[in-house]
Amino acid sequence: MKHHLLCCAAALLLATLATADESYASFFKPPGCVCTRSGVANDDEQCDQFDCNCLCDLTAGACDVNCCCDLECSSEEQLSFSACLDEGAAPPVAKACVERPPSLEETNLRYPLRVSDSPEDKLLGLLCVEQDNSAVKGAFYKDQGYPSAIQAFSPGGVGSKQRGFQSNNRGASSIALSGAYRVGDSIAAYRPSGQTLTTVFGGRLVLPAAVFGGRLVLPAASDSGTCVELNAVSFGKNEASTCTKITDDLAADCEAQFSTGRYISNVLVEHKKGSAVVGASLQTSLATGALLPVRVGSFTDSSGGVTTDVEAPPVATQWVASSSTCTNALKRMRLRIGHNRTEITSLSVEVETIDLEGDAAELQQEFEVSFHPAGVDTSETRTRSGNPGYISGEPTLGATSPGDANQTASFVVAQTAGFTVMDTGVGGRCESSSPTGSTVGFSTDVFVGCTQSFTRDELRSFCTSTSNQHPMLSSRSVGADQFVFPTWLETEQDLLGIFGNADPTDRRQWIPIESPMGDPDFAVKSRSFVEAENRCVGMPSRLRFEILWTHVGNVENPQAKILSAKRSFEDGPSLQHTLPPNEKQPFSFVTTVSWTYLQPESSIAKSPPPSHIFSVPYDVFYPFQM
């Protein structure tokens, strides 16, 4: 993650920036927050002073585990919670208490009351009076509107200097004992040994390899990006990770380190904690439901063939010495666990494989485990990346505009994976890269690239062909011209969620990704191949995204939001073939995402003074003593 310094005078420069779209220009208060500005109704969306609570409610339409303020959680679900997550900052309250419950006429005692400032006071039978006679409601960030990204990221704009941060917090998992599963418990798993049971990986289900204490883990990326097995997974908590597995001896490691069957074949999982007994009959354990098998819901082999709903992987990972190929190596694994909040009811896995060639290999692998409560229609749920403000590192919400020609629809088409860009492809080759293979985390800078090799003639064809003449080219209309670019730089997403809980049914909660190509004066640069220099000019080789963000709301409980975003294509390094004509030369293509933080100003909010000074009779406090 890059750290940047913002040195520009934001207030001065913002005065020159224009608002880009009237549909969201006046949208200030995020959904679910309470307006605190005096004289402004709570339903006024233009309220720029607000407090937000229940920050842990990150799933719309379903109960969030351990989120005690989530109104979608039933009392039964709340009983299964192991703790309560942070619900957001609560307004400060001053309390004054007396040591014992006095009679009513002794409430206003002459000796000083003491301030209640310890949790232990809640355990005592104290009589406490809460008071808030301060006119100050708190400090709030000033709304900065939605500055144009084209101007913000131009030379001298507020986005010309950058600053960002990234924070990764991982919680510890508890150890399973017996009885009903609770949030945070690990999951015991077994594998048949003849007609009896033996533990798998030390007695805990492990994905994808044996790790410390035998707990369920998902490999996570180390500082160098390689897979390390330190991230423990807990019952009821969804997790995902991407990392790179490296080997110098593919022949030796193919069927051991890259196998799919090692992690899912013949694996049985406890229906509830302690339901299985080591040494018990396999037939009895299955018949009584004490153990559940892991079924293969979907298996995509390296040739693209798909097999569904089978008991074991239909194709094994194998080393083929004649071609020095590791066939059907694990690339992606998604484990889905169904449960009724205290017991596991089903397990299925989705697997995708690829072939690896050569003596050594580097493979980017993706792992995911998700828990699905019974009776919940997941098609009606939606994962948030904050409530409302974005959480650093969570997926940035991305969407596409509906296909209406007049752009009058009130909704957007949200993307399940969020805002995505290209991935590195198999072996770093662009031809196998997916333009939506990498999800962009909020406030996380991204630099991802791939290489494509061409001979001189192939580079000429790539440089001068149209999109319908070459399989590696895409295009879009710009006025009467066609703008041609590599397919791996393609992106259909044109909207970002302003807040982490942006609602797809309300277009005002989404901000457009601006592009210079939207300018009527934009001219498409011509492409050509300079024969004398074997050089391609005018072909984009870099896609650049620039995103401006800030904080709003209460300074004590700030909410992160996106202000504007820009997309632009660049020529980048010269595409010049310098090798002999018939030799393939690799060329680099890159996508970058950079985040700029705009420092907001804050002001103290106060309640307005009364219109006139009132008077009261002397006995207004009767029967209290004066």
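All residue numbers refer to position in the chain's written sequence, counted from 1. Owing to the predicted nature of the model, reporting of local features is limited to residues with pLDDT of at least 70; listing and counting of side-chain atom pairs is limited to 80 or more, with chain, interface and lining totals taken over all residues. Side-chain numbers here rest on the full set of heavy atoms in the structure, without hydrogens or water.

**Digging into the overall build of the protein**
Inference 1: Secondary structure assignment for the protein yields 8 helices and 37 strands.
Inference 2: Residue contacts are counted whenever heavy atoms from the two residues lie within 4.5 Å of one another. Once local pairs closer than 6 in sequence are excluded, the contacts in the protein between residues at least 24 apart make up 64%.
Inference 3: What sets the accessible areas is the Shrake-Rupley method with a 1.4 Å probe; for residues, cover comes only from the shown protein chains. Carbon together with sulfur atoms contributes 51% to the accessible area of the protein, which is approximately 31,300 Å² in total. Numbering goes from the N terminus for both helices and strands, where a helix is a DSSP run of H or I of at least four residues and a strand is a run of E of at least two.

**Observations concerning the packing of aromatic side chains**
Inference 1: By convention, a stacked pair of Phe, Tyr or Trp rings (six-membered ring in the case of Trp) has centres within 6.5 Å and planes under 30 degrees apart, an edge-to-face pair has planes over 60 apart, and any other such pair is tilted. For the structure on display, the rule yields 13 aromatic pairs.
Inference 2: Relative to W549, the ring of F442 lies with its centre 5.1 Å away and its plane at 75°, an arrangement referred to as edge-to-face. Linking F442 in the loop between β25 (438-439) and β26 (446-454) with W549 in strand β33 (residues 542-552), this pair joins segments that are 107 residues apart in sequence. Both residues of the pair, F442 and W549, count as buried.
Inference 3: Three or more aromatic residues link up through ring pairs in this structure, and these residues are Y390, F442, W549, W595 and Y597. Here the term buried applies to any residue with accessible area under 20% of the maximum for its type, exposed to any over 50%, and partly exposed to those in between, with areas from a 1.4 Å probe on protein chains only.

**What to know about the sheet that holds strand β35 (residues 575-576)**
Inference 1: Two strands make a pair as long as DSSP finds a minimum of two bridges between them. Read across the sheet, 3 strands follow the order β31-β32-β35 without closing on themselves; strand pairing throughout is antiparallel. The open sheet has two free edges, formed respectively by β31 (528-530) and β35, since each of these has just one partner strand.
Inference 2: Lying over the sheet, helix α8 (residues 456-464) contacts β31, β32 (535-537) and β35, oriented at roughly 150° with respect to β31. Only C-alpha atoms enter the line fits that serve as axes; for helices the fit covers just the stretch in contact. Angles between N-to-C directions range over 0 to 180 degrees.

**Some thoughts on the side chain of N387**
Inference 1: On the secondary structure map, N387 appears in the loop between β21 (382-383) and β22 (398-400).
Inference 2: Identification of polar contacts relies on pairs of N or O atoms within 3.5 Å, with a donor-acceptor requirement for protein atoms, meaning one able to donate a hydrogen and the other able to accept it, and with residues adjacent in sequence counted only if both atoms are side-chain atoms. At a separation of 2.8 Å, a polar atom in the side chain of N387 contacts the main-chain carbonyl oxygen of C54.
Inference 3: Engagement of the side chain of N387 in a polar contact is seen with the backbone oxygen of D57, the distance being 3.4 Å.
Inference 4: When sequence neighbours within four positions are dropped, the list of residues in contact with N387 reads N53, C54, L55, D57, L58, N501 and Q559.

**Digging into the sheet that holds strand β34 (residues 559-570)**
Pairing between the strands of a sheet comes from backbone hydrogen bonds, and it takes one of two forms, parallel or antiparallel.
Inference 1: Ordered in space as β23-β22-β29-β30-β34-β33-β36-β26, the 8 strands form an open sheet in which the pairing is mixed. With one partner strand each, in any of the chains shown, β23 (413-414) and β26 form the two edges of the open sheet.
Inference 2: Contacts from α8 reach β26 and β36 (585-597) within the one sheet, and its direction differs from that of β26 by about 120°.

**Describing the side chain of T36**
Inference 1: Relative to the helices and strands, T36 resides in the loop between β1 (33-35) and β2 (50-52).
Inference 2: A relative accessible area of 17% places T36 in the buried class.
Inference 3: Beyond its immediate sequence surroundings of up to four residues, T36 is in contact with C47, Q49, F50, D51, K137 and F140.

**Quick look at the pairing of strand β16 (residues 306-310)**
The side chains of a regular strand alternate, residue by residue, between the two faces of the sheet.
Inference 1: With 4 bridges joining them, strand β15 (residues 295-300) and β16 adopt antiparallel strand pairing. Each residue of the ladder has a partner; that of F299, found in β16, is T307.
Inference 2: Linkage of β15 to β16, two consecutive antiparallel strands, is achieved through a turn of 5 residues, within which G304 is found at a positive phi near 95°.

**Thoughts on the environment of S401**
Inference 1: Among the secondary structure elements, S401 is positioned in the loop between β22 and β23.
Inference 2: Judged by relative accessible area, which is 17%, S401 ranks as buried.
Inference 3: Along the primary structure S401 and A414 are separated by 13 residues, whereas in three dimensions their C-alpha atoms are 8.8 Å apart.
Inference 4: Side-chain polar atoms of S401 contact the side chain of D494, separated by 2.9 Å.
Inference 5: Here R507 takes part through its side chain, which lies 3.3 Å from a polar atom of the side chain of S401.

**Side note on the confidence of the model for the protein**
Inference 1: You can read pLDDT as the predictor saying how much it trusts each residue, on a scale of 0 to 100. The pLDDT averaged across the protein works out to 77; a share of 73% of its residues lies at or above 70.
Inference 2: Segment residues 109-113: pLDDT under 50, and 6 contacts once partners within four positions in sequence are set aside and those in other chains are kept.
Inference 3: This model gives residues 201-214 a pLDDT under 50, and the stretch forms 51 contacts once residues within four places in sequence are excluded.

**Concerning the pattern of salt bridges**
Inference 1: Salt-bridge detection follows one rule: a side-chain nitrogen of Lys or Arg within 4 Å of a carboxyl oxygen of Asp or Glu. Going through the model one piece at a time under the given rule, you end up with 19 salt bridges.
Inference 2: Ionic pairing is found between D57 and R384, a salt bridge with its closest N-O pair at 3.3 Å. Remark: R384 occurs in the loop between β21 and β22 and D57 occurs in the loop between β2 and β3 (59-60); sequence separation between them is 327 residues.
Inference 3: We classify D57 as buried; its relative accessible area is 11%.

**Observations concerning the pairing of strand β28 (residues 481-486)**
Inference 1: Both strand β27 (residues 473-478) and β28 contribute to a ladder of 6 bridges, which runs antiparallel. Looking at the pairing, R476 lines up with F483 of β28.
Inference 2: The hairpin formed by β27 and β28 contains 2 residues between the paired strands, and G479 there has a positive phi angle of roughly 65°.

**Details of unusual backbone geometry**
Inference 1: In this model, N387 is joined to P388 through a cis peptide bond whose omega is 0°.
Inference 2: Note that P388 resides in the loop between β21 and β22.
Inference 3: Notably, D309 is not glycine yet its phi reads approximately 50°, a positive angle.
Inference 4: With respect to the secondary-structure elements, D309 resides in strand β16.
Inference 5: Taking the relative accessible area as the measure of exposure, D309 reaches 53% and is therefore exposed.
Inference 6: Even without a glycine there, the phi angle at N328 is positive, about 55°.
Inference 7: Along the chain, N328 turns up in strand β18 (residues 325-339).

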